[in-house]
Amino acid sequence: MVGRQIVYAPCKVNLHLGIRPTVDERGYHYAESVMAPVGLFDEIVIDDAPFFSVRHTPSLEVPPEKTCVWKAATMLAQELHCGLNLRIDIKVSIPEAAGLGGSSADAGAVLRALAERWGLDRYDSRVVNVARRVGADVAFFLNPQPSLFIGAGDLLAESFDELPMPVVLVKPAGAGVSARAAYKEFDRDPSEPASAGAVCEALRAGDAAAVRGLLYNNLASAAKALQPGSAEAETWLAAQPETGHAMVSGSGSCVFAICDSLEDARAVAARAKSERGWWSFATLTVGTPEKIC
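An account of the accompanying structure is given in this report. (Residues numbered from 1 in each chain as written. Predicted model: local features only at pLDDT ≥ 70, side-chain atom pairs only at ≥ 80, totals over all residues. Heavy atoms only, no water.)

Counting its regular elements, the protein chain contains nine helices and eleven strands. Relative to the compact-globule value of 19 Å for 293 residues, the protein chain shows a C-alpha radius of gyration of 18 Å, a close match. Judged by the C-alpha coordinates and their principal axes, the protein chain covers about 55 × 40 × 35 Å. In the protein chain, once contacts between residues fewer than 6 apart in sequence are set aside, the share between residues at least 24 apart is 75%. As displayed, the protein chain offers around 12600 Å² of accessible surface, 51% of which is attributable to carbon and sulfur atoms. Distance between charge centroids for the protein chain: 5 Å, based on 27 positive and 35 negative side chains. (Helix = DSSP H or I, 4+ residues; strand = E, 2+ residues; numbered from the N terminus. Rg over C-alpha atoms; globule rule 2.2 N^0.38 Å. Contact = heavy atoms within 4.5 Å. Areas by Shrake-Rupley, 256 points an atom, 1.4 Å probe, with all protein chains shown as cover. Lys, Arg positive; Asp, Glu negative; His and termini not counted. Charge placed at Lys NZ, Arg CZ, Asp CG, Glu CD.)

Have a look at this one:
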């Protein structure tokens, strides 16, 4: 008996997401993805139990056995020939279908907790391979810090030092956008992406102002076609005096902007809620695993 583990799963924003029209043997698009973890967390509690169960609060629209957490835990247990006598409870704060990586964040957090529980390094090839099989972003959440991922967005190419940046998140009303739907829409009129080189150089230099002006996502048009509210939110957010630039995160529907201060981010979030009725959240990008794991 190991006893209780409590782990926190931060969400992410894509500072750069460059999707290529070509796909790998799994059907995943090749991509350059520069992600930063953000201080909005799901809380995950893992306890010993007579049998395996997963519960989300509030509950998700899909049954527990269809979730990324269920898949990640069962796949790792099978890989290691371990019994899965666990109960996993997830207190959900990250919006689903928002491009913030909620389900991937939870799966990655569970994998790193189970790796510790079963005496493995989180970068053990068996853990990483399970993460990549569960989903393209899951590997990022094994060690969530500002990083460049390549391949299908699931191969770590470079990690960067901590660079706390005030961020405001805004999610328009209505349905979110599933990644599957966004990529299908992208395939209707695909585009070649810009390089992530400039934003990586800004992160190496610790230049938050440069990062702010280099936000990029060539999947954003597909996301906004599926959820026009994201386009409206992006336009509104970019027009606020504290921001100057905004971008859809990942496959949408959430939009984010980097501000000069957390006070500015909170002011914008408050206006988004009071004036537009949108879900909003102000926080910081977080940088080192020790602060979030």
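Read on for the rest.
So, on to the pattern of salt bridges. Under the criterion given, the structure shown has 18 salt bridges. Taking the shortest distance from any N to any O, the salt bridge between Glu-158 and Arg-204 comes out at 2.8 Å. Note that Glu-158 is positioned in strand E6 (residues 155-159) and Arg-204 in helix H5 (residues 197-205), a separation of 46 residues in sequence. Look at Glu-158 and you get partly exposed, because its relative accessible area is 24%. Residue Arg-204 is classed as partly exposed on the basis of its relative accessible area of 44%. By sharing partners, the salt bridges in this structure join Asp-24, Arg-26, Arg-132 and Asp-154 into a single network. (Salt bridge = Lys/Arg side-chain N within 4 Å of Asp/Glu carboxyl O. Buried < 20%, exposed > 50% of the residue type's maximum accessible area, 1.4 Å probe, protein only.)

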